[in-house]
Amino acid sequence: MNINELFLQKRKGWNTLLNLRRSGAGNQCECPACHELIDTDRLSEAMYICPSCHHYMSVPPKERIAMVADEGSFHELYGNFRSGNPLSFPGYERKLAEQKKKTGQNEAFVCGTCRIEGKKIAIGVLDGRFLMGSMGSVVGEKVSRLAEHALKRRTPLVIFCASGGARMQEGLFSLMQMAKTSAAVESFKSAGGLYITVLTNPTTGGVSASFATLGDIILAEPDALICFAGPRVIRQTIGQTLPEGFQHAEFLLEHGMIDRIVERRELRRVLERILRIHN
Amino acid sequence: MENKLTSYEKVQLARSPERPDIMEYIDKLFDDFVELHGDRLYRDDPAIVGGICLFHGHPVTVIGHRKGKNTEDNIRFNFGMASPEGYRKARRLMEQAQKFKRPVITFVDTPGAYPGIEAENNGQSNAIAENLAFMSRITVPVITIVTGEGSSGGALALAVSDRVYMLENAVYAILSPEGYASILWKDAKRASEASDLMKLTAQELKEFGLIDGIIPEGRSLMAAIDRMLRRELTELYKLSPKALVQKRYQKFRRMGKAE
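Every value quoted in this text rests on a predicted model; they were computed, and no experiment measured them. (Residues numbered from 1 in each chain as written. Chains lettered and ligands numbered in written order. Predicted model: local features only at pLDDT ≥ 70, side-chain atom pairs only at ≥ 80, totals over all residues.)

Draft legend 1. Seen up close, the overall build of chain B. If you tally the helices and strands in chain B, you get 12 helices and eight strands. Overall size of chain B, expressed as C-alpha extent along the three principal axes, is 50 × 45 × 40 Å. A total of 259 residues make up chain B; the buried ones form 53% of that total. Put simply, 71% of the contacts in chain B that link residues at least 6 apart link residues at least 24 apart. (Helix = DSSP H or I, 4+ residues; strand = E, 2+ residues; numbered from the N terminus. Buried ≥ 20, exposed ≤ 12 C-beta atoms within 10 Å, placed from the backbone. Contact = placed C-beta atoms within 7 Å.)

Next comes the structure, spelled out in structure tokens:
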């Protein structure tokens, strides 16, 4: 891969989670589920769904917004917020710089306003590629500000979740983001605001135990892993094999924890409909 | 003596079965305790104790984790690792406290929320999240004391409070140092190293402004808690319910400021 190609990819800004390979035809990435090689140019059009096994790959935030928003309606907010290093955790700044370079974003949460079928909403997307979408102070601050923005402007709030949980490198500051974000979305909801969350693979730990599961309406993508404690931790704790489908979206639907499972291609239509009913 | 302990020695001290159990705090600090059980949905979770009692003649609701002091009790109380039913019981009792306008005192001592199949099936995430949300808008004063080990969302689910105090040798963290080391380095044995990085002691957290105060341990521990509760409740009762909620919101809102 030469320098020009590297720059081109950086501009595209999404490819790094996917295992990029060079082939004769162009850049390809490997489906994490069936290992089929897919042309990267086709991914966006395919909505990051593997054409061969229909596995839902993670979607870069701005592409995610483009999938549901009216064309050109997105205006980013708080895009320049950057993490400090509150615990002086060794190597954290370097790690953040790497993630920034990898994703082309300053942090793991991208948010702003957009329109869906003409209706203005506040929208936020966690980026599972940026330190696993973990919630540190910046993610917590942006989620809270977005909820406050939606409250002030009286717009619905839609958040797409994908997270490994709390950000380890910020210690108790990260834990407190659970309180902060829950308080902010709760205050928005109490004032009559419509709050929709879309849980995508994976939504776990401190994010699932705070703003992700507080939606007035909770949607999820098929097969998404949604849990508090991850399967590995549970297996270690109880020393048993886990039931089939445990902690996946279909399982949660059956147990009454989410409202609906929505196919990626249907998401915009379902959001449109819910927003229309709340007009 | 306190300064000589390493962070991990503090973790071990915070977990010591020699430390008072929540029932001892209830017995020494309050009168006429009536324990109340159940989440009205599924089951009573013994890992969380809740009830009503009098504090110097004034009604209060008390809720906290229960670990037990011997192996048999540890197992009975699931080592203080609560299930969704426990968090829902806590919320039910907090809603009741709000209705009868009595303050809530919580005692935190848990290795974390229980990571089990049934706990996940019953909505562990949502049970914790709903507590965080409800505590952020409850209209009566809430004071928390971290008495031993405060770990993860399982601790925070009882600690979105107007005042959060820690005992001198208690710890409060995003998860156990063993879990932290296992996530960061895939090696739980590096827990001691993790403890230093995590900054989980009362002294460090007070400096960060993440807790409101530290209660010295020793023979006069109960008297010190009693004094703190009287002082803080008097202060908090000066605020209107609206101001109380606003101040609590602002307090957590400021944690981890970022721009």
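Draft legend 2. Examining the domain arrangement of chain A more closely. Residue and element names in this part refer to chain A. The domains assigned to chain A are domain 1 (1-57) and domain 2 (58-277). Placing a centre on the C-alpha atoms of domain 1 and another on those of domain 2 gives a separation of 23 Å. On the domain 2 side, the residues contacting the 11 residues of domain 1 number 15 residues. A per-class count over the side of domain 1 that touches domain 2 returns seven nonpolar, three polar and one charged. (Domains from an automatic or database assignment. Nonpolar A, V, L, I, M, F, W, Y, C, P; charged D, E, K, R; others polar.)

Draft legend 3. Highlighting the interface of chain B and chain A. Residue-level contacts link 38 residues of chain B with 47 residues of chain A. Elements with a minimum of two residues in the side of chain B that touches chain A: α5 (117-121), α6 (124-135), α7 (152-156), β7 (171-173), α8 (177-185), α9 (191-198) and α12 (241-253) of chain B. If one sorts the elements of the side of chain B that touches chain A by residue count, α6 of chain B sits on top with seven residues. Residue composition of the side of chain B that touches chain A, by class: 24 nonpolar, nine polar and five charged.

Draft legend 4. Broad picture of the packing of helix α6 (residues 171-190) of chain A against α12 of chain B. Their axes nearest at 8 Å, the elements α6 of chain A and α12 of chain B cross at an angle of 135 degrees. Considering their axes alone, α6 of chain A and α12 of chain B lie oblique with respect to each other. Our pair here, α6 of chain A against α12 of chain B, has a crossing hand that is left-handed. Judged by residue contacts, Met176, Ala179, Lys180, Ala183 and Ser187 of chain A of α6 of chain A engage Tyr249, Phe252 and Arg253 of chain B from α12 of chain B. In terms of residue class, the contact of α6 of chain A with α12 of chain B is built from five nonpolar, one polar and two charged. (Axes fitted to C-alpha atoms, helices over the stretch in contact; angles between N-to-C directions. Parallel < 35°, antiparallel > 145°, perpendicular 65-115°, else oblique. Left-handed = near helix turned anticlockwise from the far one by under 90°.)

Draft legend 5. View of the pairing of strand β8 (residues 195-204) of chain A. All names here are of chain A. Among the 10 residues of β8, 10 are classified as buried, and the element is accordingly described as predominantly covered. Both strand β7 (residues 157-163) and β8 contribute to a ladder of six bridges, which runs parallel. Counted as the bridge partner of Leu157 is Tyr195 from β8. Considered for its hand, the β-α-β crossover made up of β7, α6 and β8 is right-handed. Looking at chain direction, β8 and strand β9 (residues 217-220) are connected through four bridges and run parallel. The partner of Ile196 across the bridge, within β9, is Ile217. Pairing of β8 with strand β10 (residues 226-227), which is carried by two bridges, proceeds in the parallel orientation. Directly across from Thr203, in β10, lies its bridge partner Ile226. (Pairing = 2+ DSSP bridges. Right-handed = clockwise from strand over helix to strand, strands pointing away.)

Draft legend 6. Spatial organisation of the nonpolar core. Membership of the largest hydrophobic core comes to 143 residues, with the highest contact counts inside it found for Leu157 and Leu172 of chain A together with Leu132 and Tyr172 of chain B. No other element matches α6 of chain A, which puts 10 residues into this core. With residues up to four places along the chain from it excluded, the contact list for Leu172 of chain A reads Tyr172, Ala173, Ile174, Leu200, Leu205 and Leu210 of chain B. (Core = buried A, V, L, I, M, F, W, Y, C linked by C-beta atoms within 7 Å.)

Draft legend 7. Quick look at unusual backbone geometry. Put simply, Asn201 of chain A and Pro202 of chain A share a cis peptide bond, and its omega is -15 degrees. Along the chain, the position of Pro202 of chain A falls in strand β8. Positioned with a positive phi, Arg40 of chain B is a non-glycine residue whose angle comes to about 65 degrees. Inspection of the secondary structure assignment puts Arg40 of chain B in the loop between β1 (31-35) and β2 (48-55). With 10 C-beta atoms counted inside 10 Å, the residue Arg40 of chain B sits in the exposed group. A positive phi is found at Phe79 of chain B, a non-glycine position, where the angle reads about 60 degrees.

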